[in-house]
Every structure is written in C-alpha cells, then in structure tokens.
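For reference, the chains in residue letters:
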Amino acid sequence: MVARLTPVLAHVQLDAIYTSPLRRAVQTAEAVRGARELELRLDPRLKETDFGRLDGMDWKEAKAKYPEACREWGRHPERFCAPGAVEGVREVSARVMSAFLQILRENRGKTVAIVAHGMVFALLTSKLVGYSVHDYRRTPMINNAAYRVLQIEDDGHLFINEWEHNAHLEDTWCFHPRRFRKRMRLERARIPRHAFYAPLKMTKKEKKQYGN
C-alpha cells in the first residue's frame, strides 16, 4: 500500500517532507519522497499516541485487564491517559497542533507533506474543523497510505481540498467489511459544511497552550 504512494505523488512539487520519527512513518515518508532529493524532517511532536501498557493488546484483553481505563477511553477520550503512558490524548492534541502551526510558519507559499499516524491526523483534523478534543472521533480516520489535501491561504483560511485520496488503494479498500465502508460514508456526511472553509485562528488560551 505504501509503495503505491510513490507513483501517485511523483508529479507533485514538494518543498519539504515532515514525518514522525517512528519507523513505519519514516518508511512511508521515503515512499512519498520517491526520487526527490529532499531531506526528511523528523519531528517527535508527530509521533503516535502513547498507549502505555495497552499497546499491543486487543480490545477484549484491554477491557479485562484495565476496565476503568477503557471506560474512560470510551466516555471521556479527552481525559484519557493509558496506564503507564507519559501523556494523554489532550497533550497529544496540543503537541500535534504546535508542530502543524510551526510547519505553516516555516513554509509560507510552499507545498509540504506531513507523514504521521491515524490518531495524530484525527486529532489535528478535528481541531481544524472546529471540534473539541472530546469530539475528535466525529472526523473519520484516514485510511492507511491514503492522503488528505489542505490549502492554507495567507489570510489564515483553511480549505480541505480533498478529504481522502485513496483511488490508488481501491483493491485493498475492497477488503474492508461492508459495514466499515458504510460507517465511513456516514461519518463523512456528518462533517459540517463550514469545515471545508474554516478560519485557522487560535484563541489567546490556545496560543498559550500550543506555544504559538
């Protein structure tokens, strides 16, 4: 799936590629880079959420060993911090937004690629469309090896030009259960129309929180 990104993005003029330092993200970033002579810019703020002792467990096992944590994950995801983790969901949202804003400042007028992880993009996108951290699940997760296209204007307005480009993955997409594909369509339908033309402005509290 990742290898299919190289020919799909070969025609895109990229000025920079930012990536999470985790191995699978770096491998994906290498596929995005293709034959370009660009240095991959590793940013630890783009790392996936730390699930501590839950990492590697399936949901059934996690519920059996850590029932309270799983209830918190379901009811109040914005307060969730996995047992043994060094940060919670709210802290992840803050560091991801901090990285995104810095990337914008450093690349005005340029085209960049950001390679990260499912929850990273879910938290970032939910913030951009105006959802709280509590409601971040209202934005559908992006498929593996798919990509999203954003356009940021000089006046601070953000356009989601392409919610998810996955045409190069059509045969692998077919392996998803039908109920999953139906759920994805429903989730996209719930996204407010104003989300596709949203002012990217931070409140004073948010500027202080994100360090920008």
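Heads up: the structure comes first, above all this text.
Presented here is a report on the structure given in the accompanying data block.

Thresholds, definitions, all that
Residues numbered from 1 in each chain as written. Predicted model: local features only at pLDDT ≥ 70, side-chain atom pairs only at ≥ 80, totals over all residues. Heavy atoms only, no water. Pairing = 2+ DSSP bridges. Helix = DSSP H or I, 4+ residues; strand = E, 2+ residues; numbered from the N terminus. Axes fitted to C-alpha atoms, helices over the stretch in contact; angles between N-to-C directions. Contact = heavy atoms within 4.5 Å. Core = buried A, V, L, I, M, F, W, Y, C linked by side-chain atoms within 4.5 Å. Buried < 20%, exposed > 50% of the residue type's maximum accessible area, 1.4 Å probe, protein only.

**Focus: the sheet that holds strand β1 (residues 16–19)**
Strand order in this open sheet of 3 strands is β2-β1-β3, and the pairing throughout is parallel. Of all strands in the sheet, those with a lone pairing partner are β2 (40–42) and β3 (112–115), marking the two edges. Taken over all neighbouring pairs, the strand axes of this sheet differ in orientation by 25 degrees on average, direction set aside. Along the sheet face, helix α2 (residues 23–33) touches β1, β2 and β3 and points at about 165 degrees away from the line of β1.

**What about the nonpolar core?**
Ranked by size, the top nonpolar core spans 52 residues in total, and within it Ile17, Val32, Phe80, Val89 and Leu123 carry the most contacts. Elements with a minimum of two residues in this core: α1 (5–9), β1, α2, α4 (67–75), α5 (89–106), β3, α6 (118–128) and β5 (157–165). Among the elements that take part in this core, α5 stands out by supplying 8 residues, more than any other. Among all residues touching Leu123, those that are not within four sequence positions of it are Val89, Val92, Ser93, Val133 and Tyr136.

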